[in-house]
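For reference, the chains in residue letters:
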Amino acid sequence: MSVTGTKETMLSPPNMKRGVRRLSSVIATLDDLSLGPSVVVPPQHMEQPSDAHETAAALEMAKRHISRISANEPISTPTTPPATSTTDAYAFAFDIDGVLIRGGEAIPEAIEAMKILNGQNQYGVKIPYIFVTNGGGKSEEERCLDLSRQLHMEVSPGQFICGHTPMREMAERYGTVLVVGGEGEKCRQVAEGYGFKDVCTPGDIIKDNVNTTPFRKLTKDEQEHSRKRNFGEVEIEAVFVFADSRDWAGDQQIILDLLMSKKGRLGTRSETFDEGPPIFFSHNDMVWATSHDHTRLGMGALRASLEAVFKAMTKKEMKSTAFGKPQVGTFQFATRLLQQWRKDVHGIDSPPQTVYFVGDTPESDIRGTNEFNESPLCENTWYSILVRTGVFREGTKPGFTPMATVDNVLEAVKHGIQREVAKAMKSQIIDGNGEGPGVILEEDQLQDATITDD
Ligand SMILES: [Mg+2]
């Protein structure tokens with residue numbers, strides 16, 4: 001974890017200027033706080049090494065001070081926080097594979113991290129969060145059930161985006177579509193659940209003409225579930241790669257047949273190779289983290305392969321569209337989801353100042369977060385945190401630089417909370433008690449209340 005300025009240095013006030021009193025926020029009286037100049041220093045327990053529970057509670061206390069100041073309410077000695085409260089200042093968004101889950105099992109620190117966010121700590125401070133994964137192949141509801149079981153907590157579809165979620169908005173645009181990838185009939189079911197009117201699969205096409213894929217024969221199960229139709233009479237208007245292909249050779253053959261066809265009619269060949277249907281990928285991740293020692297090929301690799309073969313055969317560039325991270329549209333989608341989730345579940349109707357995005361893939365998670373943060377479409381701060389539990393390899397330099405790098409998701413949550421504590425305390429020190437200019441600290445003093453990231 002590359003955080004300089006430990007909690008001790010962060011919370012220990014520097015040498016005070018003459019006439020400035022140190023004041024404990026626990027023992028302070030109303031007069032102490034209203035008759036400046038004064039500096040509020042943290043209570044003793046915050047100066048000791050502590051876990052994130054205490055940190056979260058301290059943040060909530062600091063936030064309450066600031067809320068009172070902005071509302072011009074009188075400041076009194078802090079009391080015990082209520083049983084449950086939710087911070088509105090910030091939120092988290094998590095990638096899943098390589099961050100929370102690896103090889104179908106929860107990464108051990110993930111369960112503790114979720115408990116902290118859910119307010120299962122001494123003071124009951126809750127921090128809203130959502131999940132943004134490029135993965136897919138199941139409905140959002142099914143994936144949330146899996147995640148609930150893996151993380152030992154309830155995950156709602158209302159806080160979940162997967163790679164193909166934005167494809168839902170394209171259901172009205174096309175008639176017959178080809179859906180590729182995933183296990184069995186799953187992706188057809190997902191697409192039909194999204195409202196696509198006529199969904200066919202590579203299995204349907206092979207069932208109609210077994211010579212389509214010389215080396216792939218349908219299994220008994222596939223033969224049973226694939227739908228018989230005459231593709232000589234069908235125009236496929238778009239191709240959607242919903243999830244990772246289970247049969248690259250067969251699926252690529254069928255996709256290329258369509259891309260080189262006249263208006264998506266199988267059996268035809270365009271002379272110009274620009275009459276085929278559009279193709280959409282639910283994401284563009286080249287690799288992903290599994291239980292294997294090395295990363296495995298992802299959908300981005302299939303896309304690269306298709307592009308290379310299409311160019312070799314047609315001398316033209318393949319045109320395609322990818323959703324998912326790092327596309328800015330996915331982060332806009334995530335922004336809307338987070339806003340709705342905070343409103344529906346936590347009763348918060350204002351955007352968070354900061355969203356901490358925790359991911360393991362520099363090319364999608366970190367790049368997407370950074371580029372969205374810098375885009376004019378982003379109205380708050382999106383802060384990228386890279387974890388070392390996924391595709392990241394020690395000794396390598398990420399292609400896109402995160403704002404912080406930590407060992408695992410638990411450290412990421414602690415980092416975000418600690419950073420908020422520092423921000424809240426710094427703000428409080430600068431603002432003083434709301435009735436005067438407060439104490440203006442020298443630059444070197446301010447630095448002691450600041451976390452420096454990568
Ligand atoms: Mg990942």
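Residues numbered from 1 in each chain as written. Predicted model: local features only at pLDDT ≥ 70, side-chain atom pairs only at ≥ 80, totals over all residues.

Looking at an unreviewed UniProt entry, one finds the protein chain named Phosphatidyl synthase and attributed to Heterodermia speciosa.

A. Structural context of the nonpolar core. Grouped together as the largest cluster of nonpolar side chains are 60 residues, with contacts concentrated most on F92, A93, V358, I385 and V409. If you tally residues by element for this core, the top one is helix α14 (residues 409-431), at 10 residues. With sequence-adjacent residues up to four places away left out, F92 is seen in contact with L117, I127, Y129, Y356, V358, V413 and G416. (Core = buried A, V, L, I, M, F, W, Y, C linked by C-beta atoms within 7 Å. Buried ≥ 20, exposed ≤ 12 C-beta atoms within 10 Å, placed from the backbone. Helix = DSSP H or I, 4+ residues; strand = E, 2+ residues; numbered from the N terminus. Contact = placed C-beta atoms within 7 Å.)

B. Expanded view of the packing of helix α10 (residues 248-259) against helix α11 (residues 299-314). Relative to each other, α10 and α11 sit at 50°, their axes nearing to 11 Å. In terms of their interaxial angle, α10 and α11 are classed as oblique. The handedness of the crossing between α10 and α11 comes out as right-handed. For the pair formed by α10 and α11, the contact residues are W248, Q252, I255, L256 and L259 on the first element and L302, S305, L306, V309 and F310 on the second. Classifying every residue of the contact of α10 with α11 by side-chain character gives 8 nonpolar, 2 polar and no charged. (Axes fitted to C-alpha atoms, helices over the stretch in contact; angles between N-to-C directions. Parallel < 35°, antiparallel > 145°, perpendicular 65-115°, else oblique. Left-handed = near helix turned anticlockwise from the far one by under 90°. Nonpolar A, V, L, I, M, F, W, Y, C, P; charged D, E, K, R; others polar.)

C. Looking closely at the confidence of the model for the protein chain. Within the protein chain, residue pLDDT values average 81, and 75% of them lie at 70 or more. Within the model, pLDDT remains below 50 along residues 1-79, and this stretch shows 139 contacts once partners closer than five positions in the same chain are excluded. For the stretch residues 433-454, pLDDT sits under 50, and the model shows 54 contacts to residues farther than four places along the chain or on other chains. (pLDDT = per-residue confidence, 0-100.)

D. Structural view of unusual backbone geometry. In this structure, P326 follows K325 across a cis peptide bond, with omega equal to 10°. Note on placement: P326 falls in the loop between β16 (321-322) and α12 (328-346). Even without a glycine there, the phi angle at H152 is positive, about 60°. Mapped onto the fold, H152 is located in the loop between α6 (140-151) and β9 (160-161).

E. Helix α7 (residues 186-194), seen in detail. Among the residues of α7, C187, R188, V190, A191 and Y194 are the ones counted as buried. Mapping the buried residues of α7 onto a view down its axis gives an arc of 160°, with all of them on the same face. Those residues of α7 that are buried lie in contact with β10 (176-180), β11 (198-200) and β12 (238-241). Of the residues flanking the end of α7, it is G195, one or two places downstream, whose phi is positive at about 105°. (Arc of directions from axis to C-beta.)

F. Just the pairing of strand β18 (residues 381-387), in detail. The element β18 is extensively covered by neighbouring structure, given that 6 of its 7 residues are classed as buried. Bridge count for strand β17 (residues 354-359) against β18 is 6 bridges, and the pairing is parallel. Looking at the pairing, F357 lines up with S384 of β18. Relative to strand β19 (residues 404-406), β18 runs parallel, the two sharing 3 bridges. Following the sheet pairing, L386 is matched in β19 by T405. (Pairing = 2+ DSSP bridges.)

G. Molecular detail of the packing of α12 against helix α13 (residues 362-374). Here α12 crosses α13 at 75°, and the two axes come no closer than 9 Å. Taken together, the axis directions place α12 and α13 in an arrangement best described as roughly perpendicular. Taken together, the residues of α13 that come into contact with α12 (itself represented by V328, T330 and F331) are G368, E371 and F372. Taken together, the residues of the contact of α12 with α13 sort by class into 3 nonpolar, 2 polar and 1 charged.

H. Up close: the sheet that holds β9. The strand order across the open sheet built from 6 strands is β9-β8-β4-β17-β18-β19, with neighbouring strands paired in parallel fashion. Edge strands, defined here as strands with exactly one partner in the open sheet, are β9 and β19. Against the sheet, α12 contacts β4 (90-94), β8 (129-132), β9, β17 and β18, and its axis sits at roughly 150° relative to β8. The strands that α13 touches are β17 and β18; relative to β18, the one it contacts most, it runs at about 160°.

I. Spatial organisation of the sheet that holds β12. On the basis of which strands lie adjacent, the open sheet formed by 5 strands has the order β11-β10-β12-β13-β16 and parallel pairing. The sheet is open, and its two borders are formed by β11 and β16, each paired with just one other strand. Judged from the 3 bridges that link them, β12 and strand β13 (residues 279-281) form a sheet pairing that is parallel. By the bridge assignment, V239 is partnered in β13 with I279.

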